[in-house]
Amino acid sequence: MDNGLIDIRNACKTYHLGEVEIHAVRGVDVTIPHGQFVAVTGASGSGKSTFMHLLGCLDRLTSGTYLFEGRPIERLSRRQLAALRNRRIGFVFQSFNLLPRTTILENVALPLMYQGVGRRERRRRAQEMLERVGLADRTRHHSNQLSGGQQQRVAIARALVTRPPVVLADEPTGNLDSATSIEIMNLFQALNRDEGVSIVLVTHEAEIAAYASRQLVFKDGKIIRDGTHSAGPIGGGANSAA
Ligand code: ADP
Ligand code: MG
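Residues numbered from 1 in each chain as written. Chains lettered and ligands numbered in written order. Predicted model: local features only at pLDDT ≥ 70, side-chain atom pairs only at ≥ 80, totals over all residues. Heavy atoms only, no water.

A. View of a nonpolar patch on the surface. Together, Y15, L17, V20 and I22 make up an exposed nonpolar region whose accessible area comes to about 350 Å². When residues of the nonpolar patch are traced back to their parent elements, those giving at least two are strand 1 (6-17) and strand 2 (20-32). Tracing the chain through its elements places V20 in strand 2. (Patch = residues over 30% accessible without salt bridge, like charges linked within 9 Å, V, L, I, M, F, W, Y side chains within 5 Å. Areas by Shrake-Rupley, 256 points an atom, 1.4 Å probe, with all protein chains shown as cover. Salt bridge = Lys/Arg side-chain N within 4 Å of Asp/Glu carboxyl O. Helix = DSSP H or I, 4+ residues; strand = E, 2+ residues; numbered from the N terminus.)

Next comes the structure, spelled out in structure tokens:
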């Protein structure tokens, strides 16, 4: 039976700043099946990043329940959560977060090292993912020798090298110009379509959100709209009218 990927019920996250309580996420219900491409949108401060931290098991719910692939997250220890993040979730950030003075092959292979995969196999799988994101000829470069768009491709390869069922991306095009943003969104779309990986992507830009097939709109810590549409690429257009 497919338990689905994500099932989050009445999720709340409250931050305490001295005397002040900040209700960053207040009562969110979402189920996400395997293979979906979801955009999380909303104004700055609406709770998007907090929600992503909850989904990524980087932070615990203040109240509510979270099933990831049918497993209740609140019952897992810190160690079990770390293992789950490493094996089952890929992360992509606005600022790429690559190691400098390290080849991109080693950057991509790093999550496999934490899993105890041997050196030769790590390199083989990292090479394969770098080919998938169009950087086969750059594997020996250091990350600081690449453009922003290339660095984000490396980060995407690193997120996928463990073959997780889902990638979580928080404003992945936030540091990129619009042409490069389109390239990166086309890559996410192709990975979702061809590899079946689920993608949950935070953005405050409508043009970026349009690449997803479902949009969750946040306002004041709540989802105010949950819409599915059959949109394809608005930037790519390669497979629109063939
Ligand atoms: P978004 O990503 O949509 O801009 P966030 O999830 O970052 O929104 O923030 C939601 C609310 O929670 C904001 O009011 C923000 O100031 C607050 N917040 C976020 N992170 C923290 C934190 N670590 N401590 C206290 N308040 C926080
Ligand atoms: Mg944010």
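There's plenty left to go through after this.
B. Expanded view of the site of ligand 1. Taken together, Y15, L17, I22, A24, A43, S44, G45, S46, G47, K48, S49 and T50 form the complete shell of residues around ligand 1. S46 has a polar backbone atom sitting 3.2 Å from an oxygen atom of ligand 1. Between S49 and ligand 1, the recorded distance is 2.9 Å, taken from a side-chain N or O atom to an oxygen atom. When ligand 1 sits alone it has 560 Å² of accessible area, and the protein chains cover 63% of it. Elements supplying a minimum of two residues to the shell around ligand 1: strand 1, strand 2 and helix 1 (48-55). Here the element with the most residues in the shell around ligand 1 is helix 1; it accounts for three residues. Residues belonging to the shell around ligand 1 are distributed by class as follows: five nonpolar, six polar and one charged. (Near = heavy atom within 4 Å. Polar contact = N/O pair within 3.5 Å; in protein donor to acceptor, adjacent residues only side chain to side chain. Nonpolar A, V, L, I, M, F, W, Y, C, P; charged D, E, K, R; others polar.)

Keep in mind these numbers describe shape, not what the thing actually does.
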